[in-house]
Each structure stands twice: as C-alpha cells, then as structure tokens.
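Structural overview for review
What follows is each chain in one-letter form.
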Amino acid sequence: MSDISALLAIARGATAAGAALLTTEEAGAVHSKGDRDFVTQLDLKIQATMQRRLRAHAPRITFRGEESGTQSPDLAHSEWTWVLDPIDGTSNFIHNIPLCAVSLALVHRDSPILGVIRAPFLGLEYYATEGQGAYVNDRPITTGRAQHLRDAIISIGDYAVGPGAEAKNRTRLAVTEALAAEAERVRMLGSAALDLAWTAEGRIDGCIIMSNKQWDMAAGVLIARESGAVVTDSDGSIHNVRSRHTVAANPIISQELLQLISTAQQ
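Sequence order as written defines residue numbering, which begins from 1 separately in each chain. For this predicted model, a pLDDT threshold of at least 70 governs which residues receive local features, and a threshold of 80 or more governs which side-chain atom pairs are given and counted, while totals over whole chains, interfaces and linings are taken from all residues. The side-chain figures draw on all heavy atoms in the structure; neither hydrogens nor water molecules are used.

**Some points on the state of the cysteines**
Operational definition: When two cysteine sulfur atoms are found within 2.5 Å, that pair is recorded as a disulfide. Here the term buried applies to any residue with accessible area under 20% of the maximum for its type, exposed to any over 50%, and partly exposed to those in between, with areas from a 1.4 Å probe on protein chains only.
Overall, the coordinates contain 0 disulfides when judged by the stated rule. Free of any disulfide, Cys100 has its nearest cysteine sulfur in Cys207, 18 Å distant. Residue classification places Cys100 among the buried positions, given a relative accessible area of 0%.

Laid out in structure tokens, this is it:
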C-alpha cells in the first residue's frame, strides 16, 4: 500500500474536484430514494468523477459510495476501501442551505485511517490521517473545552425517515428533550460530516447521531478522534462500522453526554 501521505494527497485532490462541482454545477434532476430521502443528478456526477480519479491514482483500492447501491464491498471484510458521500447534506443543498460537504475516507478493514471533508460553501477543508492529528485549512485543530453540558453546544443528527421512523424518532425526541434541559444549546446541522468536523474543531462540544452509515461517518469519525474527541457508540463502546449510533464529544463531557443518552433511552 502506498505511503499514507501520498494517499492523503490523492484524497484531497479528489475531494477538491468534487467540491468544485458542488459549487459550480446545478443540482439537476432530483429523485426520491425513499421516504423524504433524495439524490440529485449532481450527487451522481460528483461520485462518478471522484471514483474515476481515485481509481486512476490508486487502482488497487476498492470503492464504496453512498450512491453505489448494493454493489459496494462490505467494509467489515474489505482490506482497503475508499468510502464516499458525494454530498453530505443533500436536503440542505437542494434548499440552498450551505451546510453540506463532500466526505471521503479510506477505511482499512473496519477502521478509517484517513479522512477528508470539504465544505466549499463555507471555505472549509478538514483532513486527518491516523496518528497525525486533525487539520482545517492546514491549521491544527483540537476539541472544545466545555467543562459541563450546561456550558456545551451539542448537535443532534437528523430525525429518521422511512420504515420504522416513528419508533426511531421516539428515541431521538427523548434525547433532544434531555439535551434541551441540560445543554447550553442544541443544534441540528443536517450534515453528519459537519457534526463531527465541528466537534473536532471545537465549534460545538459534541454531537449525537442516532445512526451509523459509514459514508456519512467514516471521515468525520477519524477527524474527530485525531482532534482529541472521544467517539463511541451510544452505549460507550468504541465506535466502529458495526456500531448502531455515533456519539462524539470532547473528553471532559463525554461521559456526561453518554449518561444523558442512557437515561433518555430508558
């Protein structure tokens, strides 16, 4: 396998190409993938463009994109895989809300070792490699330093749609209610990549995402970890591709946040 710095350069180049399309092309046709779940023609174009570029520069690495359907490799059994969300926050993008990003990770077996998130409407590029720290626009970043939830801004991931949404949202609403009673402020950004990147940068102090789709999470999980955040499942176990949920926070409030989630789910 190539040197990690070379792979990071490939990933940053591919993500920059995708982000350029995001800011210069129209959404095109919008299709429904399910209940209130959409894909644009631009999602597909960005994914195809980045996949070609990644294959050209690293042909032995397999590829999994959000829009790849059932032909994607199983991450838990793949040696090396690029994992892409071409537009994380598609609904935001469709509605001209600038909180959206291109999110690309390199996963080794079941763990991300490289991640790049580019939010071009905000002028932000986040990246990290395992053991080398996290950066935004080439500047090192660390998590925030809130001492208690009452001093913290916490974001929560999107509410569920599709089959089983009502039951899933009872949990999400219970967690939201608990946060409203304890945290300084609660936010919903509509982009899991930015939830995790902003936790990494200290713009927010933590995030709770009651899902674990790897194209949404892989890059952000690594970036958050490399900034010093604690990233777990909602039961406190170490986060991986098999986790049910994704919880990240600065290490000072991580346990307090996990206790709140546990109590809210009872």
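**A few points about the packing of helix H1 (residues 4-24) against helix H2 (residues 41-57)**
Here is the rule: Working convention: axes come from line fits to C-alpha atoms, limited for helices to the stretch in contact. Angles between N-to-C directions cover 0 to 180 degrees. The secondary structure listing takes helices from DSSP runs of H or I that are at least 4 residues long and strands from runs of E that are at least 2 residues long, numbered from the N terminus. To sort the angles, those under 35 degrees are grouped as roughly parallel, those over 145 as roughly antiparallel, those from 65 to 115 as roughly perpendicular, and the leftovers as oblique. Take the far helix as the reference: if the near one is turned anticlockwise from it by less than a right angle, the crossing is left-handed, and if turned clockwise, right-handed. Residue contacts are defined here by distance: any two heavy atoms, one from each residue, within 4.5 Å place the two residues in contact.
Following both chains from N to C, one finds H1 and H2 inclined at 155 degrees, their axes separated by 9 Å at the closest point. Considering their axes alone, H1 and H2 lie roughly antiparallel with respect to each other. Crossing of H1 over H2 shows right-handed handedness. For the pair formed by H1 and H2, the contact residues are Ile10, Gly13, Ala14, Thr15, Ala17, Gly18, Leu21 and Leu22 on the first element and Leu42, Lys45, Ile46, Thr49, Met50, Arg53, Leu54 and His57 on the second.

**Comments concerning a nonpolar patch on the surface**
Heads up, the rule is: Residues enter patches when their relative accessible area tops 30% and they take part in no salt bridge; the joining distance is 9 Å for like charges and 5 Å for the nonpolar side chains Val, Leu, Ile, Met, Phe, Trp and Tyr. Surface accessibility in these figures is a Shrake-Rupley result with a 1.4 Å probe; residues are shielded only by whichever protein chains are displayed. Criterion for a salt bridge: a side-chain nitrogen of Lys or Arg within 4 Å of a carboxyl oxygen of Asp or Glu.
A contiguous nonpolar patch, built from Tyr159, Leu173 and Met188 and spanning about 270 Å² of accessible area, is present on the exposed surface. Structurally, Met188 can be placed in the loop between strand E11 (185-187) and helix H5 (192-201).

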